[in-house]
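# Structural characterization, general
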Amino acid sequence: MREGALDFRLLNEFQRDFPLCSAPFAELACRLGVPEGTVLRGLEALRREGKIARVGAVFAPKRIGASTLAAMAVPPAKLAAIAEVVNRFPEVNHNYEREHRYNLWFVVTAGSEGRLEAALAAIEQAVGWPMLRLPLLHEYHIDLGFALDGRDERPTRGATLHSHAFIPPTPLDEDGRRLVMVLQEGLPLFIRPFAVLASRLRCDEGEVIERIRRWCAEGIIKRFGVIVRHHELGYTANAMLVHDVPDAGVDEVGERLARAGGVTLCYRRPRVPPEWRYNLFCMIHGQARAQVEARIAELRVQLKLSDYACDTLFSLTRFKQGGARYA
């Protein structure tokens, strides 16, 4: 198999349903028809090139900790300096400039609600600027996997996505907290990666694999596999599309929007009147701005969204992007 073809398959086919077994990279090699060493070298090269962030777990929002989306309306002349201050907080894992009066948007994650509130207060004090706090209320679709072959497969009409309102965080014992800490860094690219994690945790390899399987089944881990970096793969245009939908109908509209092709995230967040009127959020990624704009226009027509006020916030500067830090 040519190197380019191998890279494509590693990136496209193993973003989810990663084999949870003692020798997962050998299993990938078997599926791809190449030696195990070729798979390991390929993944390491993709990581060095920045095309993948890690191989490992994507935890469901707020299932093992606390998180919120936050926004600030910052004078443009101060934006870069304030973004730099925000980036210094380890609880901040994403931080973007967007086209809007509220031009700085970031995600804050912590191990508990108390620690989250402390981090938010510290950020506000450090930058000297007020923020909007927009925690997740209802998840309709959160995945952020990217079908590089163009096959954006969604449930057929009448089927349902894994949609749910807020579920209280799952209490973790000490072993669980320690496993989360090592999983935050991703799997080591070794022949038996789970054995390496087990040695760090001073437990049995089988226990590590079984707990990860259980967390996947319970929805604590949304997916386990190759975590790609969309910008480095050519998805350089992305927009946050927000709507003001009456509360009585927002769930129905959110479910329909979540099923639409090209929508990578879809969820409900609170309004913060009078500063912020929108309650339904979705993300659309593309390889060019015109492509994203065209898809938004199609969605507005196809899903009959023109009755609802909306706004489109394109990303401009990526100040920070990384995995959530729960511990």
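Residues numbered from 1 in each chain as written. Predicted model: local features only at pLDDT ≥ 70, side-chain atom pairs only at ≥ 80, totals over all residues. Heavy atoms only, no water.

The next thing to look at is the overall build of the protein chain. The secondary structure content of the protein chain amounts to ten helices and twelve strands. A compact globule built from 327 residues would reach a C-alpha radius of gyration of about 20 Å, and the protein chain, at 20 Å, matches this within 12%. Along the three orthogonal principal directions, the C-alpha set of the protein chain runs to about 55 × 40 × 40 Å. Taken across its 327 residues, the protein chain has 50% of its residues classed as buried. In the protein chain, once contacts between residues fewer than 6 apart in sequence are set aside, the share between residues at least 24 apart is 75%. Computed over 44 positive and 40 negative side-chain charges, the separation of the two mean positions in the protein chain equals 1 Å. (Helix = DSSP H or I, 4+ residues; strand = E, 2+ residues; numbered from the N terminus. Rg over C-alpha atoms; globule rule 2.2 N^0.38 Å. Buried < 20%, exposed > 50% of the residue type's maximum accessible area, 1.4 Å probe, protein only. Contact = heavy atoms within 4.5 Å. Lys, Arg positive; Asp, Glu negative; His and termini not counted. Charge placed at Lys NZ, Arg CZ, Asp CG, Glu CD.)

It is worth spelling out the pairing of strand E10 (residues 263–268) at this point. On a regular strand, each side chain points to the face opposite its neighbour's, so the side chains alternate between the two faces of the sheet. Most of E10 sits out of view: six of its six residues are buried. In terms of strand pairing, E10 meets strand E11 (residues 280–286) through five bridges, oriented antiparallel. Bridge assignment links Leu-265 to a residue of E11, and that residue is Met-283. (Pairing = 2+ DSSP bridges.)

It is worth spelling out the side chain of Ser-67 at this point. The residue Ser-67 is located in strand E2 (residues 66–72) in this model. With sequence-adjacent residues up to four places away left out, Ser-67 is seen in contact with Pro-61, Lys-62, Val-108, Thr-109, Leu-116 and Pro-135.

Looking now at the pairing of strand E12 (residues 310–321). As defined by bridge partners, strand E3 (residues 92–98) adjoins E12 across four bridges and the pair is classed as antiparallel. Looking across to E12, one finds that His-94 is bridged to Gln-321. Of the pairings in the sheet, the one linking strand E9 (residues 237–243) to E12 comprises five bridges and is antiparallel in character. Residue Leu-241 lies in a different strand from E12, and its bridge partner there is Thr-312.

This next bit is on the confidence of the model for the protein chain. With 90% of its residues at a pLDDT of 70 or more, the protein chain has an overall mean of 89. Within the model, the stretch residues 154–163 combines pLDDT values under 50 with 22 contacts to residues more than four positions away or in other chains. (pLDDT = per-residue confidence, 0-100.)

Let's shift gears to the pattern of salt bridges. This structure, assessed with the given rule, holds 22 salt bridges. A salt bridge links Arg-177 to Glu-174; its shortest N-O distance comes to 2.8 Å. Separated by three residues within a single helix, Arg-177 and Glu-174 lie in helix H6 (residues 174–183), roughly one turn from each other. Accessibility expressed as a relative area gives 45% for Glu-174, which makes it partly exposed. Note that Glu-205 is salt-bridged to Arg-192, the shortest N-O span being 2.5 Å. Here Glu-205, found in helix H8 (residues 205–218), pairs with Arg-192, found in the loop between H6 and helix H7 (193–201); they are 13 residues apart in sequence, far enough to count as distant. Overall, the relative accessible area of 13% leaves Glu-205 in the buried class. (Salt bridge = Lys/Arg side-chain N within 4 Å of Asp/Glu carboxyl O.)

Attention now moves to the nonpolar core. Ranked by size, the top nonpolar core spans 43 residues in total, and within it Phe-59 and Phe-224 carry the most contacts. Among the secondary structure elements, those contributing two or more residues to this core are helix H1 (3–13), helix H2 (24–32), helix H3 (36–48), strand E1 (52–59), H6, H7, H8 and strand E8 (221–228). In contact with Phe-224, not counting residues within four places along its chain, are Gln-15, Arg-16, Asp-17, Phe-18, Leu-20, Gly-56, Ala-57, Leu-183, Leu-187, Phe-194, Ile-212 and Cys-216. (Core = buried A, V, L, I, M, F, W, Y, C linked by side-chain atoms within 4.5 Å.)

Relative orientation of the contacting elements H6 and H8 amounts to 85°, with a least axis distance of 12 Å. Between H6 and H8, the angle falls in the class roughly perpendicular. Residues Asp-175, Gly-176, Leu-179, Val-180 and Leu-183 of H6 touch H8, and the partners they reach there are Val-208, Arg-211, Ile-212 and Trp-215. Residues that form the contact of H6 with H8 fall into these classes: six nonpolar, one polar and two charged. (Axes fitted to C-alpha atoms, helices over the stretch in contact; angles between N-to-C directions. Parallel < 35°, antiparallel > 145°, perpendicular 65-115°, else oblique. Nonpolar A, V, L, I, M, F, W, Y, C, P; charged D, E, K, R; others polar.)

Attention shifts here to the environment of Arg-300. Considering the arrangement of structural elements, one finds Arg-300 in helix H10 (residues 289–302). On the basis of relative accessibility, which here comes to 19%, the residue Arg-300 falls in the buried class. For the pair Arg-300 and Asn-87, spaced 213 residues apart in the sequence, the C-alpha separation amounts to 34 Å. In this structure Arg-300 touches His-243, Leu-305, Ser-306, Tyr-308 and Cys-310, once residues within four positions along its chain are discounted.

Between H2 and H3, the shortest axis-to-axis distance is 8 Å and the interhelical angle comes to 105°. Taken as axis vectors, H2 and H3 run roughly perpendicular relative to one another. Residues Phe-25, Ala-26, Leu-28, Ala-29 and Leu-32 of H2 touch H3, and the partners they reach there are Glu-36, Val-39, Leu-40 and Leu-43.

Across residues other than glycine, the phi torsion is negative in most instances, and most of the peptide bonds are trans. Following Pro-273, the chain continues to Pro-274 via a peptide bond in cis, the omega torsion being 0°. Structurally, Pro-274 can be placed in the loop between E10 and E11.

Looking at the element boundaries, Lys-304 is found in the loop between H10 and E12. The exposed category is assigned to Lys-304, whose relative accessible area is 62%. As a C-alpha pair, Lys-304 and Arg-289 span 15 residues in sequence and 22 Å in three-dimensional space.

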